[in-house]
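Examining the three-dimensional arrangement
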Amino acid sequence: MAAPNLLDRLKKKFGDKISGVNAQAIDPWIEVMPDGLVEVCKYLKTEPDLSFELLNCISGVDYFEPDPKKAAKAAFPPHLEVVYHLSSVTKKHSLVVKVILPRWKNDQEGELPEVPTVSHIWPGANWHEREVFDLSGVNFVEHPDLRRILCPEDWVGHPLRRDYEMPLEYHGIRGR
Amino acid sequence: MATALDDPRIVEFDVRTDEMLVNMGPQHPSTHGVLRLVLRTDGEVVSQTEPHIGYLHRCAEKIGENLTPRQWIPYTDRMDYLAGMSMNLGWALCVEKLLNHQLPDKARHLRVIIAEMQRIASHLVGMGAYGLDLGTFSPFLYAFRERERILDLFEEACGARLTYSYLTPGGATADLPRGWLQKCSAFLDQFEPVIQEYHALLTTNAIFVKRTANIGYLSPQMALDYGCTGPVLRGSGIDYDLRRDGEERYTEMYDGYAFEVIVEKNGHYPKDHSYPPVPKEAVLGDCWHRFYVRMLEVVQAVDLVRQAIERYAAATGPWGEPIKLTAKLPKGEAYLETECPRGQMGFYVVSDGSSIPWRARARSSCFCNLSVTHELCRGCLIADVPAIVGSLDIVMGEIDR
């Protein structure tokens, strides 16, 4: 578990690039602006007393209520979160980094929101980012090989989006 | 007259060959399920490996958004179907972390017994199937003989042999039946001497050593970069085991247990005096070491189960009733990783305050372990590809979810 002074230290170092800090959560997290992500991640990995060598997981979480009746009462504005779970093998601590994105780039439905890739920092991020792209629909800019990984190449849509609808048919197989 | 060459691969470069794409799988018997590898080869030498996955994708995470945590337990079984109990445990602990639910002592020891027995069963399949990959059939039968008895024990405890759904948020669905501990101890007493047979069959077998030693070298740096975990990481010499170094919610399960992390230090594994020495051809980080770490973890698990049986028998109080099926989850999110037989399996649960998680995410250990294949297979021979992929001990159900 990361110490609270780590969160303060990061906030002090990166200022506006870190848009939010939550030390009270079960797993304390920092919220990073998309344009500061690479810089923050590089720092987290290379700084000797932090050395987050292990990128455990990248997950996409879609905050959107498709039901208009419930949406009026929803506790959150529609957005998409990309969550990075980091940990250190040598220092035995962990940290959660979040990037908040709009659900669609420029509010144009169908245009995927963009976030810079971290696959040059942790090569293991390559597949995780492909998975988030595939299932949650996030465009990782400058990713070396951004293709679908779990769904077939010609699949339409991103299944873990809340408003996703199963296709009626796929190559003659009935979907719904 | 034939001249002897130091490296047989040199011959390959003398012969004029064309590049060829070879499809290995998804129905290839040595790809451990439905893994498809596209190899770019020049003669026998592989220059590029491209794994294609997703043939077993069952949308487990999407299903998790429509079920309560206890209802999702059967779906976690079907991720790593060779270690269903460990998957149940990972999700159960993650939900308990969100609920801030404290386990009774007896449940803690019960979970150690079950999780470590599962580790033995899983490593036995890993070992047997690895023998199959390398063309020897007998170890597979030997391994399944003992695994069968573990499955019998599990069947007695929960009624299922493969997809258990036994460990669940709150504890377990039932207490261990009467007389189970004696049967388990009897099994361990019978099993421990048998481990020597496996070492005779594989570990010290000259052909096996030739096929695995100094093949598929994974450097510690690369293992970390790709997020490799479990025996793959420890086989590269990194001293990291979540049972000791993980989060408190997980390590407190093993609180007070005596065990050493299986990793090579100064050319020796902990307590390795009674086991075959490391062959001189083997380099730390190759297929042989990954295999050996698993073999030693079996011995370690036997020891842990013995300790747990003692503690469980001495513990009084409840065994951990499961939480209510539709128990409300507090608003918030929790991420927890556990040390499964194949590596660190992480679960991530996000809740909006209702009883159904907003998002259920599974971080698969094999997924990360497999993503390093293209680095390991660069420049190896086609025949070594099954040896390398087999040494990662992957289960496709977990990779594709």
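Above this text is the structure in question.
Read on for a plain summary of the structure.

1. What to know about the interface of chain A and chain B
Contacts between the two partners involve 25 residues from chain A and, on the opposite side, 30 residues from chain B. Counting residues per element, the ones that place at least two in the side of chain A that touches chain B are β3 (54-63) and α4 (125-136) of chain A. Ranked by residues supplied to the side of chain A that touches chain B, first place goes to β3 of chain A with six residues. Class assignment for the residues of the side of chain A that touches chain B results in 17 nonpolar, five polar and three charged.

2. Some points on unusual backbone geometry
Glycine aside, residues mostly have negative phi angles, and peptide bonds mostly take the trans form. You will see that K92 of chain A, though not glycine, has its phi angle at about 60°, which is positive. One can find K92 of chain A in the loop between β4 (79-87) and β5 (94-101). Phi angles above zero are rare outside glycine, and D393 of chain B is one such case at about 55°. On the secondary structure map, D393 of chain B appears in the loop between α16 (384-391) and α17 (396-400).

3. A short note on the packing of helix α5 (residues 105-133) of chain B against α16 of chain B
Residues and elements named next belong to chain B. Direction vectors running N to C along α5 and α16 enclose 175°, while the axes themselves pass 9 Å from each other. When the interaxial angle is binned, α5 and α16 end up roughly antiparallel. Taken together, the residues of α16 that come into contact with α5 (itself represented by A129, Y130 and D133) are P386, A387, G390 and S391. Residue composition of the contact of α5 with α16, by class: four nonpolar, two polar and one charged.

4. A closer look at helix α2 (residues 37-46) of chain A
Those residues of α2 of chain A lying buried are L37, V40, C41 and L44 of chain A. Buried positions in α2 of chain A, seen along its axis, are confined to an arc of 95° and lie on one side of it.

5. Some points on α16 of chain B
Since the α-helix advances by 3.6 residues per turn, residues separated by three or four positions end up pointing in the same direction. Residue and element names in this part refer to chain B. Among the eight residues in α16, seven count as buried, and that is most of the element. When α16 is considered as a whole, its buried residues turn out to be V385, P386, A387, I388, V389, G390 and S391. With its phi angle positive at about 55°, D393 sits one or two positions after the end of α16.

6. A look at the sheet that holds strand β6 (residues 332-340) of chain B
Residue and element names in this part refer to chain B. Strand order across the open sheet formed by three strands is β6-β7-β8, with antiparallel pairing between neighbours. Two strands bound the open sheet, and with one partner strand each, they are β6 and β8 (359-363). Geometrically, the sheet is characterised by an average inter-axis angle of 10° between neighbouring strands, direction not taken into account. Strand direction decides the pairing type here: β6 and strand β7 (residues 343-351), joined by nine bridges, are antiparallel. Residue E333 lies in a different strand from β7, and its bridge partner there is V350. Across the sheet, helix α4 (residues 84-99) lies against β6 and β7, angled at about 150° from β6, the strand it touches most.

7. Some details on the pairing of β7 of chain B
All names here are of chain B. Across the nine residues that make up β7, a large majority, nine, are buried. Between β6 and β7, which follow one another and run antiparallel, lie two residues. Bridging between β7 and β8 involves five bridges; their strand directions are antiparallel. What sits directly across from G346, in β8, is R363.

8. Quick word on the packing of helix α13 (residues 287-314) of chain B against α16 of chain B
Residue and element names in this part refer to chain B. Here α13 crosses α16 at 35°, and the two axes come no closer than 9 Å. Here the hand of the crossing between α13 and α16 comes out left-handed. Counting all contacts with α13, which are made through C287, R290 and F291, the residues of α16 involved are A387, I388 and S391. Partitioned by chemical class, the residues of the contact of α13 with α16 number four nonpolar, one polar and one charged.

Each value, and the rule that gives it
Residues numbered from 1 in each chain as written. Chains lettered and ligands numbered in written order. Predicted model: local features only at pLDDT ≥ 70, side-chain atom pairs only at ≥ 80, totals over all residues. Contact = placed C-beta atoms within 7 Å. Helix = DSSP H or I, 4+ residues; strand = E, 2+ residues; numbered from the N terminus. Nonpolar A, V, L, I, M, F, W, Y, C, P; charged D, E, K, R; others polar. Axes fitted to C-alpha atoms, helices over the stretch in contact; angles between N-to-C directions. Parallel < 35°, antiparallel > 145°, perpendicular 65-115°, else oblique. Buried ≥ 20, exposed ≤ 12 C-beta atoms within 10 Å, placed from the backbone. Arc of directions from axis to C-beta. Pairing = 2+ DSSP bridges. Left-handed = near helix turned anticlockwise from the far one by under 90°.

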